[in-house]
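What follows is the residue order along each chain.
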Amino acid sequence: MAIDFNDKIYILDGAMGTMLQRAGMAPDETTTQFGLEHPRIWKDIHSQYIDAGADIIYASTFGMNRFKTEELDRPLHEAVALAMKAACEARDEAGDKGRAVKVALGIGPLGELLEPMGTLKFEEAYEAFTDLVTAGKDNGADLVVIETMTDLYEVKAAVLAVKENSGLPVMVSMTFEDNGRTFTGVSLEAMAMTLEGLGVDAIGINCSLGPVEILPMAKELRELTSVAVFAKPNAGLPDPETGKYDITCGQFIETMKEYMQAGINMVGGCCGTTPEYIAGLAECRDELIKNGVPGAAGKEEHAAGKEKRGLRICSGTDVVHVDHVTVIGERINPTGKKRLKQALLDGDMDYILNQAVEQIDAGAEILDVNVGVPSLDESAVLPDLVKKLQAITGTPLQIDSSDPAAIEAALRVYNGKAIVNSVNGEPDVMDDILPVVKKYGAAVIGLTLDGDGIPATAEGRFAIAERIAARAADYGIPEEDVIIDCLTLTASAQQKEVNETLRAVKMVRERLGLKTALGVSNISFGLPMRVIINRTFLAMAMECGLDLPIINPNEEEMMSAIFAFNVLKNVDENAARYIERYGEAVMEPGRLVKKGGGAAPDSGQAKDTAEGDGDIFCCIEKGIKAGTVAAVEELLESHDEMELVNDFLIPALDNVGKGFEKGTIFLPQMLQAATAAQAGFDVIKTRLAESDKESVSLGEVVIATVKGDIHDIGKNIVKVIMENYGYRMIDLGRDVPAEKIVETVVERDIKLVGLSALMTTTLKSMEDTITAIRAAAPDCRVMVGGAVLTADYAERIGADFYCKDAMKSVEAAQEVFG
Ligand code: THG
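A few points on the structure. None of these values were measured; they are calculated from a predicted model.

**Brief notes about the overall build of the protein chain**
Logical step 1: For the protein chain, the count of helices and strands is 31 helices and 25 strands.
Logical step 2: Taken over C-alpha atoms, the radius of gyration comes to 28 Å for the protein chain, in line with the 28 Å a tight globule of 818 residues would show.
Logical step 3: In terms of principal-axis extent, the alpha carbons of the protein chain reach across some 85 × 75 × 50 Å.
Logical step 4: The buried share of the protein chain, taken over its 818 residues, is 57%.
Logical step 5: When contacts within the protein chain are restricted to residue pairs at least 6 apart in sequence, those whose partners lie at least 24 apart make up 74%.
Logical step 6: Working note: accessible area of the protein chain is about 32,800 Å², and carbon and sulfur atoms make up 50% of it.
Logical step 7: When the 79 positive and 129 negative side-chain charges of the protein chain are each reduced to one mean point, those points stand 3 Å apart.

**Comments concerning the sheet that holds strand S1 (residues 10–11)**
Logical step 1: As summarised here, the arrangement of the eight strands in space is S1-S8-S7-S6-S5-S4-S3-S2, forming an open sheet in which the pairing is parallel. The open sheet has two free edges, formed respectively by S1 and strand S2 (56–58), since each of these has just one partner strand.
Logical step 2: Here S1 runs beside strand S8 (residues 266–267); their pairing, made up of two bridges, is parallel. In the sheet register, Ile11 faces S8, and the bridge partner there is Val267.

**Some points on the packing of helix H5 (residues 76–96) against helix H6 (residues 122–138)**
Logical step 1: At a closest axis distance of 9 Å, the pairing of H5 and H6 adopts a crossing angle of 45°. As the angle between them shows, H5 and H6 are arranged oblique. In this structure, H5 crosses over H6, and the sense of that crossing is right-handed. Of H6, the residues touching H5 (which contributes Leu76, His77, Val80 and Met84) are Asp131, Leu132, Ala135 and Gly136.
Logical step 2: Per-class residue counts for the contact of H5 with H6 are five nonpolar, two polar and one charged.

**Let's talk about unusual backbone geometry**
Logical step 1: Residue Pro116 follows Glu115 across a cis peptide bond; omega there is 5°.
Logical step 2: Here the bond from Asn421 into Ser422 is cis, since omega is 15°, no more than 30 degrees from zero.
Logical step 3: Its location among the elements puts Ser422 in strand S14 (residues 419–424).
Logical step 4: Even without being a glycine, Thr148 presents a positive backbone phi close to 60°.

**Observations concerning the site of the ligand**
Logical step 1: Around the ligand, the structure places 16 residues, and the nearest of them are Arg331, Lys337, Asn421, Asp485 and Arg530.
Logical step 2: Taking Asn421, its side chain carries an N or O atom lying 2.9 Å from a nitrogen atom of the ligand.
Logical step 3: Asp485 places a polar side-chain atom, nitrogen or oxygen, 2.6 Å from a nitrogen atom of the ligand.
Logical step 4: Alone, the ligand offers 650 Å² of accessible surface; in the complex the protein occludes 74% of this.
Logical step 5: Breaking the shell around the ligand down by element, the ones donating at least two residues are strand S11 (328–332) and strand S15 (443–447).
Logical step 6: The residue inventory of the shell around the ligand, partitioned by class, reads four nonpolar, six polar and six charged.

**Brief notes about the nonpolar core**
Logical step 1: Formed by 183 residues in total, the largest nonpolar core has its most connected members in Met64, Ile146 and Leu195.
Logical step 2: Looking at which element gives the most residues to this core, the answer is H5, with ten residues.
Logical step 3: In this view, Ile146 contacts Ile107, Ala158, Val159, Val162, Val170, Met171, Val172 and Ser173; residues no more than four positions away in its chain are not counted.
Logical step 4: Val632, Phe648, Phe660 and Cys803 belong to the second largest nonpolar core, which has 46 residues in total.

**A closer look at a negative patch on the surface**
Logical step 1: On the surface, Glu426, Asp428, Asp432 and Asp452 cluster together into a negatively charged patch.
Logical step 2: Along the polypeptide, Glu426 turns up in the loop between S14 and helix H17 (427–439).
Logical step 3: The class for Glu426 is partly exposed, based on a relative accessible area of 31%.

**Things to note about the pattern of salt bridges**
Logical step 1: Tallied over the entire structure, the rule returns 45 salt bridges.
Logical step 2: Between Glu164 and Arg412 there is a salt bridge, with the nearest N and O atoms lying 2.9 Å from each other. Of this pair, Glu164 sits in helix H7 (residues 152–165) while Arg412 is found in helix H16 (residues 404–413), placing the two residues 248 residues apart along the sequence.
Logical step 3: A residue is classified by how much of its surface remains accessible, and Arg412, at 13% relative accessible area, is buried.
Logical step 4: Note that Arg503 and Glu459 form a salt bridge whose closest N and O atoms lie 3.0 Å from each other. Placement of Arg503 in helix H19 (residues 498–512) and of Glu459 in helix H18 (residues 458–474) is noted, with a sequence separation of 44 residues between them.
Logical step 5: Through salt bridges that share partners, Glu123, Glu164, Glu408, Arg412 and Lys439 make up one connected network.

**Considerations on the environment of Asn421**
Logical step 1: Following the sequence through the fold, Asn421 ends up in strand S14.
Logical step 2: Taking the C-alpha atoms as reference points, Asn421 and Ala228, separated by 193 residues in sequence, lie 30 Å from one another.

**Here we look at the state of the cysteines**
Logical step 1: Inspection of every chain in the model, using the stated rule, returns zero disulfides.
Logical step 2: With no disulfide partner, Cys270 has as its closest neighbouring cysteine sulfur the one in Cys207, 3.9 Å distant.
Logical step 3: By relative accessible area, which is 11% here, Cys270 ends up buried.
Logical step 4: Just so you know, Cys618 is unpaired, no disulfide at all, and the nearest cysteine sulfur is the one on Cys619, 5.5 Å from it.

**Overview of the environment of Val701**
Logical step 1: Note that Val701 resides in strand S21 (residues 700–705).
Logical step 2: Assessed through its relative accessible area of 0%, Val701 is described here as buried.

**Regarding the pairing of S14**
Logical step 1: Counting buried residues along S14, six of its six residues qualify, which places the element largely inside the surrounding structure.
Logical step 2: Across three bridges, the pairing between strand S13 (residues 397–400) and S14 is parallel. From the neighbouring strand, Asp400 faces S14, where its bridge partner is Asn421.
Logical step 3: Where the polypeptide runs from S13 across H16 and back to S14, its parallel neighbour, the crossover connection is right-handed.
Logical step 4: Chirality of the crossover, the property in question, places the unit of S14, H17 and S15 among those that are right-handed.

**A look at helix H15 (residues 378–392)**
Because the α-helix completes a turn every 3.6 residues, residues three or four places apart line up on one side.
Logical step 1: With 15 residues, H15 should reach 21 Å at 1.5 Å per residue; the first-to-last C-alpha distance of 21 Å fits that figure.
Logical step 2: Listed as buried for H15 are Glu378, Val381, Leu382, Pro383, Leu385, Val386, Leu389, Gln390, Ala391 and Ile392.

**Quick word on the packing of helix H8 (residues 188–197) against helix H9 (residues 211–224)**
Logical step 1: Where H8 meets H9, the axes come as close as 10 Å, and the angle between the chain directions of the two elements is 40°. Between H8 and H9, the interaxial angle falls into the category oblique. Once H8 is placed against H9, the crossing between them reads as right-handed. From H8, Leu188, Glu189, Met191, Ala192 and Glu196 reach across to H9, where they touch Met217, Glu220, Leu221 and Leu224.
Logical step 2: When its residues are assigned to classes, the contact of H8 with H9 shows six nonpolar, no polar and three charged.

**Thoughts on helix H28 (residues 738–748)**
Logical step 1: Every buried residue of H28 is listed here: Ala738, Ile741, Val742, Thr744 and Val745. Taken around the axis of H28, the buried residues stretch over an arc of 160°, which confines them to a single face. Among the exposed residues of H28, those oriented more than 90 degrees off its buried face are Glu739, Glu743 and Glu747.
Logical step 2: Residues of H28 that are buried make contact with S21, strand S22 (728–731), strand S23 (752–756) and helix H29 (763–776).
Logical step 3: At the exit of H28 stands Asp749, carrying a positive phi of roughly 50°.

Parameters and conventions
Residues numbered from 1 in each chain as written. Predicted model: local features only at pLDDT ≥ 70, side-chain atom pairs only at ≥ 80, totals over all residues. Heavy atoms only, no water. Helix = DSSP H or I, 4+ residues; strand = E, 2+ residues; numbered from the N terminus. Rg over C-alpha atoms; globule rule 2.2 N^0.38 Å. Buried < 20%, exposed > 50% of the residue type's maximum accessible area, 1.4 Å probe, protein only. Contact = heavy atoms within 4.5 Å. Areas by Shrake-Rupley, 256 points an atom, 1.4 Å probe, with all protein chains shown as cover. Lys, Arg positive; Asp, Glu negative; His and termini not counted. Charge placed at Lys NZ, Arg CZ, Asp CG, Glu CD. Pairing = 2+ DSSP bridges. Axes fitted to C-alpha atoms, helices over the stretch in contact; angles between N-to-C directions. Parallel < 35°, antiparallel > 145°, perpendicular 65-115°, else oblique. Left-handed = near helix turned anticlockwise from the far one by under 90°. Nonpolar A, V, L, I, M, F, W, Y, C, P; charged D, E, K, R; others polar. Near = heavy atom within 4 Å. Polar contact = N/O pair within 3.5 Å; in protein donor to acceptor, adjacent residues only side chain to side chain. Core = buried A, V, L, I, M, F, W, Y, C linked by side-chain atoms within 4.5 Å. Patch = residues over 30% accessible without salt bridge, like charges linked within 9 Å, V, L, I, M, F, W, Y side chains within 5 Å. Salt bridge = Lys/Arg side-chain N within 4 Å of Asp/Glu carboxyl O. Disulfide = S-S within 2.5 Å. Right-handed = clockwise from strand over helix to strand, strands pointing away. Expected span 1.5 Å × (residues − 1). Arc of directions from axis to C-beta.

Here you go:
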């Protein structure tokens, strides 16, 4: 029941919260609570937006889910039914007057962080969204809007819940910060690729910023996807004191006009906008159409953009464009590897994670993941490993299995757009695997073999490639997402056929225009000095058009050939990647070293170990728990406990923190690193308890979300990070009265308090809390954080530190505790 929203310009509605405030909602009430008590007001506001010109209205179900039943005060389905009824009545009344309006079930964030950042499991999130979707569908929703999301993984759970339980069209918008990423580090491109692959009907941006700030992002998004693009900016930025948004209706419309002219064909408003703004948008749209701006920039144009974009793979944070020879690391594959087989059987994930880290450090851009050990249940182990890998790295993954159930289980929990390795030309295999590839929006490698085996000639393999491409197209898989593997045979056994593989690669590239992959190392089985053969075959294959070599990236001879090739083929512009890698390197027989000696990482303090997996800096930075524990235990033999904290654990976390500030590391990885450090701290704490020495705590810090505010995700993140820096955190929870905070501060002689507030309406409460702390404990310092705060405002309400993120709270603590 997909809708093509690219067909015209749609007007969406404006803010519900702003309107409810006008209708008398109290500052400490949520839109859900107030609306449920006054459903007629909901309906009246919906009608006002329809009269203003909205084509699609959002039912006020945004804050409803099984984690918020307290707020709902009734079963979830009853609350959803009430909100849906208000919207549907407004829709139906308009219908009677000849206006066609659609009602969207609104879905917002669950308010709990998913694994690995938090504790909520992907399938639990899926179930929570399913409740909501079912209730929405039963109560008259025409479509579903998933909005104000910051975690792509949570979005994926929601989209699957909609697709698998309703068949309703679905729009998704996420909330971006002014660095062009969401709170969890999702880029516009990763969002666009992943969601288009999952088959959503429109992709957009809402909330957090005004139209001026969002415009360049919306334009970028328009270039990144072929589906409809929508935007619902706030009415500018809020004044923290009054909560008022700072741009007028006229200014809003003036900027939104540019959106429509740029092909952003669904427009509305978020916080601070009212029916007046929406009426202005509708008028502006009519004017544009009268003057000949044809709906969106044109369906064909968006579709054509696709070919330009080419093959792209991504995780939640990292996008890889396969526009150069791109290395797929082959090492997570138990074939021929006793140690890895054993690790898989023992569930020794850390060994496997180390294999991942090593390959990434060596330059792999994508990791192949294969767990094919006969006695293992691939359908359970493969998704589990995918989850663990994506917790520690943003490097995109290639799911390698021949079992469709295992492939589906892994794709389901993968956060991003993966490659599936592989399908082949057998009709049954294609019919098993291609629908799964399509459903999850993955790319796929097609092997040129079928029931009759591998054709001896290039022509025979080309014919199979053609069949795979045609079948993939039948299933709706975009052409650019089909990769062909013409199959490397062993030179020692089938010497004549080496050239057939190479010819086939060339034919596929030239005649079908598809990307190609090859497992390179097969070529040298049975020959001495395999790397010589591998490297030369690799060079020949690249010249024939190989895009994705599957290799062992730890073999520098292979990597250097690829880096050189990308320069010589003029794809590595100005040899930038080459110089970055080799600018300071010299080749010594058999290994590559940095000039000035030593293979030590930039921390300088890292311990030199043969495999590097005992390196505490590496383990913490990559978030490998067991490795950190082992390293701490080893270091404790030669170091004092506090020395270990101050010279190892904290500097390692600082490195991660710096990466976070620079924007090279994102929230999931930072939390993962913090968790690894925590495991290290735990070892030290146990040791101290045994030896009866004093506690390792660097200081005691009280944190709380202020009275009236129930949002605690930011506070919880601060808690995790600070705990792992060695501070003792006293977490008073959310919606905490000033008196309770003051009491704790006085009782325990606390020197630092952290306060969080997410809503403009609770900033006043933050100010009151600070005043109360000042009066009772003049030498206690206060740090504050929260989405709507600014440095300026923090100063005005008397805070000592403004923490724009969790790392800043650590800096504040370091200043307070020295
Ligand atoms: N095409 C596609 N996928 C593939 C292949 C291919 N996946 C599997 C394989 N071929 C590529 N991956 C590997 C993985 C592991 C090894 C080789 C190729 C391997 N090799 C050592 C050897 O060659 O002796 C084993 C010993 C070791 O290195 O420890 O393990 O062609 N689409």
